[in-house]
Every structure is written in C-alpha cells, then in structure tokens.
Amino acid sequence: MVAMGHCWWATYPLFASTQLAFPALSLATKWVSVFAVLSGFLIYRSAVSAIKSADGIREYMIRRFFRIYPVYAFCVLLGLVFGQYSGNPNAGSVAYFFSDLFMLSTLRWPADFANPPAWSLYVEVVFYVLLPLVLLLVGQKRIVTFCLAMIVVMLFADDQSRFFALWKYFLFGIIASELSPRLPSRLGMAGLVAGFLLVVVDFGGEKFDWAAAIGLGIKHVDTQTFGLGLGFGLLLAGLPHSKISGRVLSILPLQMLGVISYSVYLIQFFYIYASFPEIDLFVRAGSQDLYQHFSTMPPYSTWVLPLLFFPGCLAWGCLLYLLIERPGMIFGRKLVLRLRVAAAERARLNTGG
C-alpha cells in the first residue's frame, strides 16, 4: 500500500481517479505506521528467543543484517548508477553516498538520503538493535509496563517529526505480541473486532483523529495518530484467535506479497523512475513542476494503477528478492549454522569429549 500510494503521489494527477475510488491510497504514512506495529509484534518474538544467550543475540543480529542490508546496499548502488547522488542538490556529494551506504542516517546525519522510502527503514534498524538491549535491561515480565510508560512519555513529548512519531507504533506491537497468548479466545475476538473498527474509523481522515481531539498527543500533518496504533495493536492481539482470518491471510498470493514486500518497498521509486523518466531525481517527486507536467497528460482510468501499472512494481520486487534478498538470507542462515557447529566443537573440546 505504501508503494502503490507513492505511485499515485509521484505522478499526480495521472492516477487521481484511483485515489478518488480508494481514498486510503493517499495515506501512505498511515500504512508505514501499520507496518511498524506489525514489526513490533513479530520482531519482539524473535528478540525474546534471542536474549536467552549471547549466541542467541549474535544469531539474531546476523539474521537481521543479512535480511536487511544486501537489498538496501544494492539499491544504494543502483541510486549511484542512476545519478541520484551526483545530480541531487540535497545529496550531491561523496559524503551523502557513504552516509547512505553505511546507514548513517540512523544517527540522523545527514538528514537527507537518496531513496525516499528508506526514512522508515532507518528507524526500523535502530529498533532491531535496541530491542534485545531493552529486553535484557527491563525483562520480559515488565516489558508491557515499560512500553505503556514510554507511550505516555511520547504523547507528552509529541512532535511533528515523523521519525519520532513512528516509535510509538513499535511499542503498540510489542504490547500486542506479549498480551495475545494470554487473552481468552472471546476477549481476543472482541479485541480484533474493536481494533478493526478503530482502524477503519482512523482511515476516515483527519477529522476522525479522536485521540488528538481529547488531548492524546498532537494532530500530525502526516496522519500518524495514536488511534491507529491502539486500533491495529488490538487487531493484532486478537488475530491469532480467529481461525478464519488465519486461513484468509495464509492464501498463496498474500504469502507471496509478504515474502517480497521488503524488496518492493526499496525498489518502488526505481520502478516509478523507469516508467516516468521525467522524474529524473527522486527528491523532485511530488514537486509543483512535475505536477504541472503530469497535468498536461491524459489521466489514466481507475483500474490502470492496481491492475496494470503496479503489478510491474511487484514483478521487479520479486526479481530483486530472488537475486539479492533470498541469497542474502540463505547466506545468513548458513553463517549462523557454521557458528553453531563451531561453538559445539569448542564445547566438546573443552569437556574432553
């Protein structure tokens, strides 16, 4: 949904009819927030298993690195090839290229980067690194209390920064992940229904930001709301209690989308650029001059974006997954296996076996 929303936004108003038919298409930041809740829900479980030993933490970090970095680095190099550094007024130096290559934007320097969707990835990477440390310091028994306290602090310290605002969604996901197995089935189903309704209401737009209206944080211009985190957290906590939802979410097309989603996320702007080369620099996407240019072109029918144009982005994401992402994950798993074998051999020698 984020990638499809960017296809609409970067070429506006070519696909305007699609957004009119499906208004949630224009709420790309909300879909990023939804992903952050989901990430907190799932990655938390990996981190809980990892902190049981130093080897577990090392394996967790290795898997995360080879899951994330190979595709990311390939897209940075692709950006270099297609002039996203040499011609970019915000990232036009060797320093910016090396900052992107080594993810120095996770340290908030510099503030700009060549591939626009990477902004949330930098937050995600910091979350991956900090989560095991927080679990070690706080402990699993107190993690829900810790997350609730941090959400309260973030509401008092709320700011328009989309980087800061994204953090609370990971916490909602952690809470949902911890509470879900403890919920009775009926309570879980009630949470699923309530969460679904809250999410639907939240996607109604700014006027339905009930949390900001009662003083829970500020009203964000990019629609990152407290209500969305609460709603999707409740939905996730209840989802494992619904067998029907499990069957629906397990159908092959959705499984395939889940597998290639990260590759699609990073390749999306390259696909848009290849399809509309007048967007010579990604940072110019959505600018007034491009709006004027695309306004002179005949608009597309409602069905073109979801059924004709966007499947091409999925195809390139699938190719990137097969050529870069999947080999990287396989290498990471093999490295973990080698480390386990080496550790077992050391243990055998130490015990004289």
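Everything discussed here concerns the structure shown above.
So, how was this worked out
Residues numbered from 1 in each chain as written. Predicted model: local features only at pLDDT ≥ 70, side-chain atom pairs only at ≥ 80, totals over all residues. Heavy atoms only, no water. Helix = DSSP H or I, 4+ residues; strand = E, 2+ residues; numbered from the N terminus. Expected span 1.5 Å × (residues − 1). Buried < 20%, exposed > 50% of the residue type's maximum accessible area, 1.4 Å probe, protein only. Arc of directions from axis to C-beta. Contact = heavy atoms within 4.5 Å. Axes fitted to C-alpha atoms, helices over the stretch in contact; angles between N-to-C directions. Parallel < 35°, antiparallel > 145°, perpendicular 65-115°, else oblique. Left-handed = near helix turned anticlockwise from the far one by under 90°. Nonpolar A, V, L, I, M, F, W, Y, C, P; charged D, E, K, R; others polar. Patch = residues over 30% accessible without salt bridge, like charges linked within 9 Å, V, L, I, M, F, W, Y side chains within 5 Å. Areas by Shrake-Rupley, 256 points an atom, 1.4 Å probe, with all protein chains shown as cover. Salt bridge = Lys/Arg side-chain N within 4 Å of Asp/Glu carboxyl O. 1 Å grid on protein atoms, 1.4 Å probe; cavity = no way out; pocket = protein on both sides within 12 Å on 5 of 7 lines; lining within 4 Å. Points joined across faces, edges and corners; volume = space filled by probe spheres on them.

A. Region of interest: helix H9 (residues 185-202). For H9, built from 18 residues, the straight-helix expectation of 26 Å at 1.5 Å per residue is met to within 8% by its first-to-last C-alpha distance of 26 Å. Within H9, burial applies to Gly188, Gly191, Leu192, Gly195, Val199 and Asp202. Projected down its long axis, H9 shows its buried positions confined to an angular sector of 105°, all on one face. Opposite its buried face, H9 presents the exposed residues Arg186 and Leu197, each directed more than 90 degrees away. Looking at the buried residues of H9, the elements they touch are helix H3 (28-50), helix H11 (226-238) and helix H12 (243-249).

B. Structural view of the packing of H9 against H11. It is at 7 Å that the axes of H9 and H11 come closest, and there the two elements cross at 150°. Viewed along their axes, H9 and H11 adopt a mutual orientation that is roughly antiparallel. Note that H9 runs across H11; the crossing there is left-handed. Packed against H9, whose contacting residues are Gly188, Gly191, Leu192, Gly195, Phe196, Leu198, Val199 and Asp202, the element H11 presents Gly227, Leu228, Leu230, Gly231, Phe232, Leu234, Leu235 and Gly238 at the interface. By residue class, the composition of the contact of H9 with H11 is 9 nonpolar, 6 polar and 1 charged.

C. Representation of unusual backbone geometry. Here Tyr12 and Pro13 are connected by a cis peptide whose omega angle stands at 10°. Phi is positive for Met103, close to 55°, though the residue is something other than glycine. In this structure Met103 comes out as buried when scored by relative accessible area, which is 9%.

D. How the structure looks around the side chain of His6. Its location among the elements puts His6 in helix H1 (residues 2-10). Residue class for His6 comes out buried when judged on its relative accessible area of 16%. Beyond its immediate sequence surroundings of up to four residues, His6 is in contact with Ala28, Pro117, Gln268, Phe269 and Ile272.

E. Layout of the environment of Gly227. Following the sequence through the fold, Gly227 ends up in helix H11. Leave out the neighbours within four places in its chain, and Gly227 touches Asp202, Trp210 and Ala211.

F. Just the packing of H3 against helix H8 (residues 162-179), in detail. Where H3 meets H8, the closest approach of the two axes is 7 Å, and the angle between their N-to-C directions is 45°. Between H3 and H8, the interaxial angle falls into the category oblique. Handedness of the crossing formed by H3 with H8: right-handed. On H8, the residues touching Val32, Ser33, Ala36, Val37, Ser39, Gly40, Phe41, Tyr44 and Arg45 of H3 are Leu166, Tyr169, Phe170, Phe172, Gly173, Ile174, Ala176, Ser177 and Glu178.

G. A nonpolar patch on the surface, seen in detail. A cluster of nonpolar side chains, namely Val94, Phe98, Phe102, Leu104, Leu107 and Trp109, defines an oily patch on the protein surface of about 660 Å² accessible area. Along the chain, the position of Phe98 falls in helix H5 (residues 94-101). Given a relative accessible area of 39%, Phe98 falls into the partly exposed group.

H. Layout of the layout of surface pockets. Roughly 520 Å³ of volume is contained in the second largest pocket. Forming the walls of the second largest pocket are 25 residues, and the residues nearest its centre are His6, Trp9, Pro116, Trp119 and Arg162. Contributing elements (two or more residues each) for the lining of the second largest pocket: H1 and H3. Top element by residues in the lining of the second largest pocket is H1. It accounts for 5 residues. Taken together, the residues that form the lining of the second largest pocket break down as 16 nonpolar, 6 polar and 3 charged.

It is worth stressing that arrangement in space is one thing and function is another; only the former is reported here.
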